[in-house]
Protein chains: 2
Amino acid sequence: MAADLRRPERTFSIRQLCNEFKATPRALRFYEDKGLLTPAREGLNRVYSHKDRVRLQLILRGKRVGLSLSEIRELLDLYDENDDGAAQMARSLKKFRERASALEQQREDIDGALIELREACDRLEKRLAEIRPDLLPRSADYEQLLRARLDGAEMALGK
Amino acid sequence: MAADLRRPERTFSIRQLCNEFKATPRALRFYEDKGLLTPAREGLNRVYSHKDRVRLQLILRGKRVGLSLSEIRELLDLYDENDDGAAQMARSLKKFRERASALEQQREDIDGALIELREACDRLEKRLAEIRPDLLPRSADYEQLLRARLDGAEMALGK
DNA sequence: GTCAACGCTTACGTAAACGTCAACCTTGAC
DNA sequence: GTCAAGGTTGACGTTTACGTAAGCGTTGAC
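Residues numbered from 1 in each chain as written. Chains lettered and ligands numbered in written order. Predicted model: local features only at pLDDT ≥ 70, side-chain atom pairs only at ≥ 80, totals over all residues. Heavy atoms only, no water.

Going by an unreviewed UniProt entry, chain A carries the name Transcriptional regulator and comes from Caulobacter zeae.

(A) Structural detail: the protein's contact with DNA strand C. With respect to spatial proximity, 17 residues lie near DNA strand C, and among them Tyr31(A), Lys63(A), Arg15(B), Arg29(B) and Arg46(B) are the closest. Those atoms of DNA strand C that come within 4 Å of the protein belong to sugar or phosphate at a rate of 64%. Measuring from a phosphate oxygen of DNA strand C, one finds a side-chain N or O atom of Arg15(B) at 2.6 Å. Residue Arg41(B) places a side-chain N or O atom 3.3 Å away from a phosphate oxygen belonging to DNA strand C. Looking at the surface near DNA strand C, the elements with two or more residues in it are helix 2 (25–33) of chain A together with helix 1 (14–21), helix 2 (25–33) and strand 2 (45–47) of chain B. (Near = heavy atom within 4 Å. Polar contact = N/O pair within 3.5 Å; in protein donor to acceptor, adjacent residues only side chain to side chain. Helix = DSSP H or I, 4+ residues; strand = E, 2+ residues; numbered from the N terminus.)

(B) Region of the structure containing the protein's contact with DNA strand D. Near DNA strand D, the surroundings consist of 17 residues, among which Arg15(A), Arg29(A), Arg46(A), Tyr31(B) and Lys63(B) are the closest. The sugar-phosphate share of atoms of DNA strand D within 4 Å of the protein amounts to 64%. Between DNA strand D and Lys63(B) there is a distance of 2.5 Å, counted from a phosphate oxygen to a side-chain nitrogen or oxygen. Elements supplying a minimum of two residues to the surface near DNA strand D: helix 1 (14–21), helix 2 and strand 2 (45–47) of chain A together with helix 2 of chain B. Of all the elements, helix 2 of chain B adds the most residues to the surface near DNA strand D, at four residues. Of the residues in the surface near DNA strand D, the class split is six nonpolar, four polar and seven charged. (Nonpolar A, V, L, I, M, F, W, Y, C, P; charged D, E, K, R; others polar.)

(C) Representation of the relation of the copies chain B and chain A in the model. The transform that puts chain B on chain A rotates by 180° and translates by 0.0 Å along the axis, for an RMSD of 0.1 Å. These values place the two chain copies in the arrangement generated by a two-fold rotation axis. Taking C-alpha positions as reference, the residue of chain B nearest the rotation axis is Arg107(B), located at 3.0 Å. Of the residues that chain B buries at the interface, 100% are likewise interface residues in chain A, meaning the two copies contact each other through the same surface. (Least-squares fit on C-alpha atoms with pLDDT ≥ 70 in both. Contact = heavy atoms within 4.5 Å.)

What follows is the structure, given as structure tokens:
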């Protein structure tokens, strides 16, 4: 009776998808609220199909590249509303390119901020070297940077 | 009686500072609410000194590099709380370096997203080229990119 | 005298993406 | 029987940096 779990008929509970994609039930319900997912029901319980799973993947991919949920919904809707895949692909492509150029702009902003920050750091370092060289953070600073990196890695692994 | 407007005794109205720094009165009052500014009063009206002006400059600089108002306040407080400029400078330096490394991390995230986006774009372009090459956006896309740039420039000039 | 311009305070509204209860149902194990 | 595990639906809370009135006082121009 227990069909192959890899079969396309297979369904998923909310928890299973959450575990698989490191999401929370609250998030999936939220996406449903916003119209990005429409899982079937078994009584009250949500039952996710393979299609739903794919949509969820697309949602998370969209989030990773910085799209908002409403933008993601627009794209998702494109795939549903009509059968002409080509037109949808063209619009998706446009959206992606827009996002890419927005990200490039953001990167430039960051670079600008970094320049300003480094100038400020340089000034501070020089002044500090003049009046209180002993206060200049060095190895301690490096350690802390390492710690930050490790924290980041832990986060990436899901806490 | 009208002293030199560049003299250090000179004071500023909220509007003058707003015009000079492209801010809104609401913003300055908000900063005051949050304890970042403490202008004098003339009756009810706020009167900003040169010191206040400098603080505002620092606030806006902090914002440009992505610091939150509370972080900015911490830094500002450092300069007030005690007379030992060196220790404050050391802490500011540390804060700035932290922010710089956070920004570098952000930039890496953006680069990652850009890679993912470009892969998606490439796939879409290839598929589209196969089935509906006429739908491939080209010069139109370039025009739009230009438009985005111009909009950005306008924004930078204050609309 | 009255209208606009500027200032003030108080306070609710906004956007995004959920987190965090509360209160309840159901199913299986023991 | 009852307890835990997992599901459900509201619905309010969180954060940030202000925007946007509402309602009122003051001052200067005409």
